[in-house]
Amino acid sequence: MLTAITAAYLCWIFSNSLKTAPESSAASEKVQTVVQSVIDKVAGEGKVNVSMHFIRKAAHFSEFALFSFLVFFTAYSYICFKPYATAISMACAAALALVCGCADELIQNFSEGRSPGVFDALIDFSGGVAGTFCAALIFIIIKNIAGKIRKKRLQKVKSPQGESEE
């Protein structure tokens, strides 16, 4: 199931790159309007201006951060019992962010009014690396918490009358 979700998400990313320049701009303007209204409520109207450039670059970063997050857990689900599964999953997520980020930029060659950008590919990869590290950090925290819970349960089972040894 996680594999299907990850693949579908990548298809959605690629579909965004197939949009024409006017379609892509219209979508970015909608996001900019929503983000600007939230910023105006938080910071005060007119105090902070959210540019279209920022929205478009943040979209590149965040799309690939989530993609790598998904890839990390997808990869781990296949190799969880292997040595170094966490490191391998991180490497897979970062590598796929790089490859898919470059592919995403190349897809724009086939969209009217759009072209690939090396800087955008670097932003995609940076987002991928950030998403990979977030996924690994969350995974390690959850794994440590689960280990402590398991250790407490074992202590209760081993101690007489269910009392823990402290």
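Residues numbered from 1 in each chain as written. Predicted model: local features only at pLDDT ≥ 70, side-chain atom pairs only at ≥ 80, totals over all residues. Heavy atoms only, no water.

S.K.: Please give an account of unusual backbone geometry that cites residues and values.
M.R.: The backbone of Tyr84 shows a phi angle near 60°, a positive value even though the residue is not glycine. The topology assignment puts Tyr84 in the loop between helix H3 (52–79) and helix H4 (85–107). (Helix = DSSP H or I, 4+ residues; strand = E, 2+ residues; numbered from the N terminus.)

S.K.: Any details on a nonpolar patch on the surface? Residues and values, ideally.
M.R.: A cluster of nonpolar side chains, namely Leu137, Ile141, Ile145 and Ile149, defines an oily patch on the protein surface of about 370 Å² accessible area. Note on placement: Ile141 falls in helix H5 (residues 118–158). Judged by its relative accessible area of 44%, Ile141 falls in the partly exposed class. (Patch = residues over 30% accessible without salt bridge, like charges linked within 9 Å, V, L, I, M, F, W, Y side chains within 5 Å. Areas by Shrake-Rupley, 256 points an atom, 1.4 Å probe, with all protein chains shown as cover. Salt bridge = Lys/Arg side-chain N within 4 Å of Asp/Glu carboxyl O. Buried < 20%, exposed > 50% of the residue type's maximum accessible area, 1.4 Å probe, protein only.)

S.K.: Explain the environment of Gly127 to me, and be specific about the residues and the numbers.
M.R.: Secondary-structure assignment places Gly127 in helix H5. Taking C-alpha positions, Gly127 is 9.8 Å from Leu98, a pair spaced 29 residues apart along the chain.

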